[in-house]
Amino acid sequence: NAGVTQTPKFRVLKTGQSMTLLCAQDMNHEYMYWYRQDPGMGLRLIHYSVGEGTTAKGEVPDGYNVSRLKKQNFLLGLESAAPSQTSVYFCASSYAWGLGTDTQYFGPGTRLTVL
Amino acid sequence: AQTVTQSQPEMSVQEAETVTLSCTYDTSENNYYLFWYKQPPSRQMILVIRQEAYKQQNATENRFSVNFQKAAKSFSLKISDSQLGDTAMYFCAFMATGANSKLTFGKGITLSVRP
């Protein structure tokens, strides 16, 4: 049982390049989330999914797209990377939402640098 | 909208002593959850403790306990018998119980345990 895993762990991009971050969970969780963590800002929600085939915007969605084609995977895409997207990205998952069994479990994070 | 405030950016404690990390929040919700997450240098976000707002009894997990003051909207974390492995960033987080509620994080506090 690996929990939540993220690929890659580190990445350096040039401005304008694209990339996809992969999140996978083996806990059969319905809900998945992408956050970004910036110094002095705490974690902020980018996008989330309440089930396979669904996605929704979070607090800071601009410049990102997501897809949830399979229940266990949640992809975060950057179509044209900008230096402002330099951050540490965390994926999380939970069994439910707001129902008492909704503790979110986090992946190890991906450190992305955009030059 | 909910806000979570951690006003102390960093704290330091001697090994084996007790330390309390402060957190306040603002919400109009009556039913919600509060969390403390630990982020060690490895970056992994680890759930330390959670508290349901409807429970009057403060949550405890081994050396970790909370002081939940609902009327004052305060949720502090007490770490007893501090260990070197407790060195980490600690994030306070809030989530309402309704559908589509979001996990809102504070900015975090850096705790250093001195040998």
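Once a new chain begins, its residue numbering starts again from 1 and follows that chain's sequence as written. Note on labels: chains are lettered from A, ligands numbered from 1, in written order. Local features in this predicted model are restricted to residues of pLDDT 70 or higher, and side-chain atom pairs are both shown and tallied only at a pLDDT of 80 or more, whereas totals for entire chains, interfaces and linings draw on every residue. Calculated side-chain values reflect all of the structure's heavy atoms, with hydrogen atoms and water omitted.

**Student:** Is there a simple way to explain the state of the cysteines in this structure?
**Tutor:** Disulfide: a covalent bond formed between the sulfur atoms of two cysteine residues. When the sulfur atoms of two cysteines come within 2.5 Å, that pair is taken as a disulfide. Summed over the entire model, instances satisfying the criterion amount to two disulfides over all chains. In this model Cys23 of chain A forms its disulfide with Cys91 of chain A; the gap between the sulfur atoms is 1.8 Å. Linking Cys23 of chain A and Cys91 of chain A, the disulfide has an S-S dihedral of approximately -75° and is accordingly described as left-handed. Here Cys23 of chain A, found in strand S3 (residues 19-25), pairs with Cys91 of chain A, found in strand S9 (residues 87-94); they are 68 residues apart in sequence, far enough to count as distant. Comparing Cys23 of chain A with Cys91 of chain A, the two get one shared label, buried. Between the sulfur of Cys23 of chain B and that of Cys92 of chain B lies a disulfide, 2.0 Å long from S to S. Its S-S torsion of approximately -70° makes the covalent link between Cys23 of chain B and Cys92 of chain B left-handed. Taken as a pair, Cys23 of chain B in the loop between strand S3 (19-21) and strand S4 (24-26) and Cys92 of chain B in strand S10 (residues 88-96) lie far apart in primary sequence, 69 residues in all. Partly exposed describes any residue whose relative accessible area lies between the buried limit of under 20% and the exposed limit of over 50%, with all areas from a 1.4 Å probe on protein chains only and scaled to the type maximum. By relative accessible area, which is 0% here, Cys92 of chain B ends up buried. Elements are defined by DSSP. Helices are runs of H or I of four residues or more, strands are runs of E of two residues or more, and each kind is numbered from the N terminus.

**Student:** Looking at this structure, how should I read the sheet that holds strand S1 (residues 4-7) of chain A?
**Tutor:** Across a sheet, strands are paired by hydrogen bonds formed along the backbone, either parallel or antiparallel in direction. Residue and element names in this part refer to chain A. Being paired, for any two strands, means DSSP has found at least two bridges between them. Reading across the sheet, the four strands line up as S1-S3-S8-S7 and stay open at both edges, with antiparallel pairing between neighbours. At either end of the open sheet lies a strand with only one pairing partner, and these are S1 and strand S7 (65-67). Each strand of the sheet is rotated relative to its neighbour by a mean of 20°, with strand direction disregarded. Direction of pairing for S7 relative to strand S8 (residues 73-78): antiparallel, over a ladder of three bridges. The convention used is that axes are lines fitted to C-alpha atoms, helices contributing only their stretch in contact, and that angles between N-to-C directions extend from 0 to 180 degrees.

**Student:** Teacher, can you tell me more about the pattern of salt bridges here?
**Tutor:** It is possible for side chains of opposite charge to pair when their charged atoms get near one another. Counted as salt bridges are all cases of a side-chain nitrogen of Lys or Arg within 4 Å of a carboxyl oxygen of Asp or Glu. What the rule picks out here adds up to seven salt bridges over all chains. Between Lys71 of chain A and Glu30 of chain A there is a salt bridge, with the nearest N and O atoms lying 2.9 Å from each other. In this pair, Lys71 of chain A is assigned in the loop between S7 and S8 and Glu30 of chain A in the loop between S3 and strand S4 (31-38), connecting sequence segments 41 residues apart. Between Arg50 of chain B and Glu52 of chain B there is a salt bridge, and its shortest N-O distance comes to 3.4 Å. As far as burial versus exposure is concerned, Arg50 of chain B and Glu52 of chain B are alike and both buried.

**Student:** Can you help me understand the nonpolar core in this one?
**Tutor:** Within soluble globular proteins, side chains that are nonpolar generally end up buried alongside one another. Residue types Ala, Val, Leu, Ile, Met, Phe, Trp, Tyr and Cys, when buried and joined through side-chain atoms within 4.5 Å, form a set referred to as a nonpolar core. Ranked by size, the top nonpolar core spans 27 residues in total, and within it Leu21, Tyr25, Trp36, Phe75, Leu77, Tyr90 and Leu111 of chain B carry the most contacts. Listing elements by their share of this core, those giving two or more residues are S3, strand S5 (32-39), strand S6 (46-52), strand S8 (64-69), strand S9 (74-79), S10 and strand S12 (109-114) of chain B. The element best represented in this core is S10 of chain B, accounting for five residues. Note on definitions: a residue-residue contact is assigned when non-hydrogen atoms from the two residues lie within 4.5 Å. Setting aside its immediate chain neighbours within four residues, Phe75 of chain B contacts Leu21, Cys23, Tyr25, Leu34, Phe35, Trp36, Gln51, Val66, Asn67, Phe68 and Cys92 of chain B. With 20 residues, the next largest nonpolar core counts Val88, Phe90, Ala92 and Ala96 of chain A among its residues.

**Student:** Mind showing me how you'd approach the packing of aromatic side chains here?
**Tutor:** Ring pairs (aromatic) are described by centroid distance and by the angle formed between their planes. Only rings of Phe, Tyr and Trp enter the pairing, Trp through its six-membered ring, and a pair is recorded when the two centres are within 6.5 Å. The plane angle decides the type: under 30 degrees is stacked, over 60 is edge-to-face, the rest tilted. In the structure shown here, the tally under the stated rule is 15 aromatic pairs over all chains. Taken together, a centroid distance of 5.2 Å and an interplanar angle of 80° make the contact between Phe106 of chain A and Tyr37 of chain B edge-to-face. Of this pair, Phe106 of chain A sits in strand S10 (residues 105-106) while Tyr37 of chain B sits in strand S5, placing the two residues on different chains. We classify Tyr37 of chain B as buried; its relative accessible area is 1%. Relative to Phe75 of chain B, the ring of Trp36 of chain B lies with its centre 6.3 Å away and its plane at 25°, an arrangement referred to as stacked.

**Student:** Hey, could you run me through the pairing of S4 of chain A in this one?
**Tutor:** Remark: a regular strand shows side chains that alternate across the two faces of the sheet. All names here are of chain A. Among the eight residues in S4, eight count as buried, and that is most of the element. On S4, burial covers both faces: Tyr31, Tyr33, Tyr35 and Gln37 on one face and Met32, Trp34, Arg36 and Asp38 on the other are all buried. Sheet analysis places S4 next to S9, joined by seven bridges and oriented antiparallel. Looking at the pairing, Tyr33 lines up with Ala92 of S9. Joining the antiparallel neighbours S4 and strand S5 (residues 42-49) is a turn of three residues, in which Gly40 adopts a positive phi near 70°.

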